[in-house]
Amino acid sequence: GFAALRLLDIQNSSKTLLLRYIMRDKPDFLTSAAVFGSEIIKLVCSIAYILCVEQKSVLSIFMYLKEDMRNTLLLAAPASAYCFNMSMEYVALAHLDAAVFSAAVQAKLLFTALMAVIL
């Protein structure tokens, strides 16, 4: 429990510091392209894990998605919300002080944990 919370805290803090460093000079790129790029990196890492660690083929990934089409489609809503959230984090970092943004991100973690307990 606490180890996972600490890891999430470290991950969110380092992500915030990196995003703040990137956004401080108002870069000339689309934030949606940055979010898309990070999601592509996650996809490649996930596929590499399945291929190397799980010792399964690429075809098995497609077969799993086809067999579990209902859950795959149900994941579209939270995935879209996550992408929107990441885009808004870039916008927020461009307009907020780093300390205020960090506090808001950490509050998001606590709110999520609270809602998980309530639900």
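Definitions and limits used
Numbering of residues begins from 1 in every chain and follows the order in which that chain's sequence is written. Residue-level local features of this predicted model are given only where pLDDT is at least 70; pairs of side-chain atoms are given and counted only at 80 or more, and the full residue set underlies all totals for whole chains, interfaces and linings. In computing side-chain values, all of the structure's heavy atoms are included and hydrogens and water are not. Residues forming no salt bridge and having over 30% relative accessible area are the ones grouped into patches, like charges within 9 Å of each other and nonpolar side chains (Val, Leu, Ile, Met, Phe, Trp, Tyr) within 5 Å. To measure how exposed things are, a 1.4 Å probe is used in the Shrake-Rupley method; for residues, cover is taken only from the protein chains shown. One side-chain nitrogen of Lys or Arg within 4 Å of one carboxyl oxygen of Asp or Glu is enough to make a salt bridge. Numbering of helices and strands runs from the N terminus, with a helix taken as a DSSP run of H or I at least four residues long and a strand as a DSSP run of E at least two residues long. Angles here are taken between N-to-C directions and fall from 0 to 180 degrees, while the axes themselves are lines fitted to C-alpha atoms, restricted in helices to the stretch in contact. Here the word oblique covers every angle except those under 35 degrees (roughly parallel), over 145 (roughly antiparallel) and from 65 to 115 (roughly perpendicular). Rotating anticlockwise by less than a right angle from the far helix to the near helix defines a left-handed crossing, while the corresponding clockwise rotation defines a right-handed one. By definition in these notes, contact holds between two residues if any of their heavy atoms fall within 4.5 Å. Each residue receives one of three labels: charged for Asp, Glu, Lys and Arg, nonpolar for Ala, Val, Leu, Ile, Met, Phe, Trp, Tyr, Cys and Pro, and polar for the others, Gly being one of them.

Asker: It is not clear to me how a nonpolar patch on the surface should be interpreted in this structure. Could you clarify?
Answerer: Side chains of F36, I40, L43, V44, I47, L51, V58, L59, F62, M63, Y64 and L65 sit close together on the surface and give an oily, nonpolar patch of about 1100 Å² of accessible area. Among the secondary structure elements, those contributing two or more residues to the nonpolar patch are α2 (31-52) and α3 (58-67). By secondary structure assignment, the location of M63 is in helix α3.

Asker: Honestly, the packing of helix α1 (residues 2-23) against helix α5 (residues 76-95) in this entry has me stumped. Any pointers?
Answerer: The relative placement of two packed helices is expressed as an angle between their axes plus a distance between the axes. Interhelical geometry of α1 versus α5 gives an angle of 60° and a closest axis separation of 9 Å. Here α5 runs oblique to α1, going by the angle between their axes. Our pair here, α1 against α5, has a crossing hand that is right-handed. Counting all contacts with α1, which are made through K15, T16, L19, R20 and M23, the residues of α5 involved are M86, E89, Y90, L93 and A94. Broken down by class, the residue content of the contact of α1 with α5 amounts to 6 nonpolar, 1 polar and 3 charged.

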